Amino acid sequence: MAKHIRIEAGEGGGFKAYLALPASGGAARPAVIVLQEIFGVNPGIRAIADRFAAQGYLAAAPDLFWRAEPGLALDPEVPAERDRAFGLMRGAKIDDAIADIEATIRALRARADCDGRVGIVGYCWGGLLAFLSAARTDVTTSVGYYGGGIDQRLGEAHAIARPLMLHFGEADAYIPPASIAAIVAALADKAQPSVYTYPGADHAFARVGGAHRDEGAAALADERTAAFLARHLGPGA
């Protein structure tokens with residue numbers, strides 16, 4: 001089951017989030033926030049939210065480009081739409097995105113069917129936001145897939161006190177090995193963070209239906225993510 005909900009953003013503003021619900025009702029349960037790539041809450045992101053709902057989570061994908069183009073859902077395989085997405089990303093403000101993520105965390109925790117535990121799983125731009133959310137918010141746990149620009153914000157790593165997992169392809173055209181090495185080094189003194197790399201995998205190796213999807217790497221990363229979320233959000237966590 002899925003629907004759209006409105007998240008209040010303060011000062012009279014607000015935005016929509018795609019909400020996928022588990023098929024079975026029952027007791028309150030943890031939530032997972034799925035953070036978009038630069039292409040908006042498109043079918044691939046909604047499919048990922050649906051997958052987390054099938055695993056038993058409330059799964060919400062907030063529209064983080066709502067200030068510029070609400071309801072955006074672009075196709076990353078179409079060059080003109082890809083160019084449009086990069087333009088929107090360049091105009092987006094990280095602080096606004098983090099504020100919207102915090103609003104989504106609050107909205108989910110206020111729901112009767114949420115038990116208060118909220119995880120984040122982000123992809124590409126959303127992977128960067130997952131890292132920053134681990135540093136700036138009280139989210140329970142975070143996972144980032146191929147988050148570009150994390151190496152430029154490692155000054156915030158000291159603030160990470162919650163479990164964090166990051167996934168990178170070793171053949172990522174946008175995130176070179178030196179950047180990944182810097183991230184690993186910056187997180188080395190943290191007890192919780194785990195950084196995994198995938199040989200031969202390019203950027204967007206886990207994108208649903210993407211041209212650079214690597215089925216083996218995606219399956220392994222998703223398996224690790226599922227186990228990580230179960231450990232930190234599941235019963236007894």
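Everything here concerns the structure above.
Residues numbered from 1 in each chain as written. Predicted model: local features only at pLDDT ≥ 70, side-chain atom pairs only at ≥ 80, totals over all residues. Heavy atoms only, no water.

Enquirer: Just checking my understanding: could you explain the pairing of strand S2 (residues 13-20) for this structure?
Expert: Counting buried positions along S2 yields 7 of 8 residues, so the element is predominantly enclosed. For strand S1 (residues 2-10) and S2, the ladder comprises 8 bridges, and the chain directions are antiparallel. Along S2, the bridge assignment pairs isoleucine 5 with alanine 17. (Buried < 20%, exposed > 50% of the residue type's maximum accessible area, 1.4 Å probe, protein only. Helix = DSSP H or I, 4+ residues; strand = E, 2+ residues; numbered from the N terminus. Pairing = 2+ DSSP bridges.)

Enquirer: Whenever I open this one, the packing of aromatic side chains confuses me. Can you help?
Expert: Each aromatic ring pair is characterised by the separation of its centres together with the angle its planes make. Per the stated rule, a full pass over the model turns up 8 aromatic pairs. Between phenylalanine 65 and tryptophan 125 the ring centres are 5.1 Å apart and the planes differ by 35°, which places this aromatic pair in the tilted class. Of the two residues, phenylalanine 65 sits in the loop between strand S4 (58-62) and helix H2 (79-91) while tryptophan 125 sits in helix H4 (residues 125-136), which places them 60 residues apart along the sequence. With respect to burial, phenylalanine 65 and tryptophan 125 carry one shared label: buried. With 5.1 Å between their ring centres and 45° between their planes, tyrosine 198 and phenylalanine 205 make a pair best called tilted. Taken together through their ring pairs, the aromatic side chains of Tyr123, Tyr145, Tyr146, Tyr198 and Phe205 make up a single cluster. (Phe/Tyr/Trp six-rings, centres within 6.5 Å; stacked < 30°, edge-to-face > 60°.)

Enquirer: Looking at this model, I keep getting lost on the environment of glycine 116. Mind explaining?
Expert: By the element assignment, glycine 116 lies in strand S5 (residues 114-123). Along the sequence, glycine 116 and valine 139 sit 23 residues apart, while their C-alpha atoms lie 9.7 Å from each other.

Enquirer: Got a minute to help me understand the environment of phenylalanine 228 in this structure?
Expert: Within the secondary structure, phenylalanine 228 sits in helix H6 (residues 215-233). Here phenylalanine 228 falls in the buried class, since its relative accessible area comes to 1%. In the structure, phenylalanine 228 is positioned 87 residues away from threonine 141 in sequence and 8.9 Å away in space, judged by C-alpha atoms. Every residue in contact with phenylalanine 228, bar those within four places of it in the chain, is listed here: Thr141, Ser142, Val143, Pro163, Leu164 and Met165. (Contact = heavy atoms within 4.5 Å.)

Enquirer: How do you make sense of the packing of helix H3 (residues 94-109) against H4 when you look at a structure like this?
Expert: Relative placement of two packed helices is described by the angle separating their axes and the distance separating the axes. At a minimum axis separation of 10 Å, H3 and H4 run at an interaxial angle of 70°. When the axis of H3 is compared with that of H4, the two are roughly perpendicular. Two packed elements cross with a definite hand, and for H3 against H4 that hand is right-handed. On H4, the residues that touch Ile94, Asp95, Ala97, Ile98, Ile101 and Glu102 of H3 are Trp125, Leu128, Leu129, Leu132, Ser133 and Arg136. For the contact of H3 with H4, the residue count by class is 8 nonpolar, 1 polar and 3 charged. (Axes fitted to C-alpha atoms, helices over the stretch in contact; angles between N-to-C directions. Parallel < 35°, antiparallel > 145°, perpendicular 65-115°, else oblique. Left-handed = near helix turned anticlockwise from the far one by under 90°. Nonpolar A, V, L, I, M, F, W, Y, C, P; charged D, E, K, R; others polar.)

Enquirer: Explanation requested: the environment of histidine 158 in the structure shown.
Expert: Position of histidine 158 relative to the elements: it lies in the loop between strand S6 (141-145) and strand S7 (164-169). Among the residues examined, histidine 158 registers a relative accessible area of 64% and is labelled exposed. Spatially, the C-alpha atom of histidine 158 lies 24 Å from that of valine 34, the residues being 124 residues apart in sequence. Among the polar contacts made by the side chain of histidine 158, one reaches the main-chain carbonyl oxygen of glycine 155 at a distance of 2.8 Å. (Polar contact = N/O pair within 3.5 Å; in protein donor to acceptor, adjacent residues only side chain to side chain.)

Enquirer: Could you clarify how one ought to interpret the sheet that holds S6 in this entry?
Expert: Pairing between the strands of a sheet is mediated by backbone hydrogen bonds and can be parallel or antiparallel. Ordered in space as S1-S2-S4-S3-S5-S6-S7-S8, the 8 strands form an open sheet in which the pairing is mixed. A single partner strand is all that each edge strand has here, and the edge strands are S1 and strand S8 (194-198). Between one strand axis and the next, the sheet turns by 20° as a mean value, whatever way the strands run.

Enquirer: Quick question: what am I supposed to make of unusual backbone geometry here?
Expert: Negative phi is the rule for most residues except glycine; trans is the rule for most peptide bonds. At tyrosine 146, a residue that is not glycine, the phi angle is positive and equals roughly 35°. Here tyrosine 146 lies in the loop between S6 and S7. Owing to a relative accessible area of 0%, tyrosine 146 belongs among the buried residues under this scheme. Located in the positive-phi region is alanine 204, a residue other than glycine, with phi close to 65°. Following the sequence through the fold, alanine 204 ends up in the loop between S8 and H6. Using a relative accessible area of 3% as the deciding quantity, one classes alanine 204 as buried.

Enquirer: Just to check I follow, could you spell out the pattern of salt bridges for this structure?
Expert: Pairing is possible between side chains that carry opposite charge, provided their charged atoms lie close to one another. Under the criterion given, the structure shown has 13 salt bridges. For aspartate 138, the salt bridge goes to arginine 109, with nearest N and O atoms at 3.0 Å. Of the two residues, aspartate 138 is situated in the loop between H4 and S6 and arginine 109 in helix H3; the sequence distance between them amounts to 29 residues. What makes aspartate 138 partly exposed here is its relative accessible area of 41%. You can call arginine 109 partly exposed: its relative accessible area is 28%. Of the charged contacts in the structure, one is a salt bridge between aspartate 115 and arginine 117, with a shortest N-O distance of 2.5 Å. Taking the relative accessible area as the measure of exposure, aspartate 115 reaches 30% and is therefore partly exposed. Residues joined in a network through salt bridges with shared partners are Glu37, Glu77 and Arg207. (Salt bridge = Lys/Arg side-chain N within 4 Å of Asp/Glu carboxyl O.)

What is shown is where atoms sit, not what they do.
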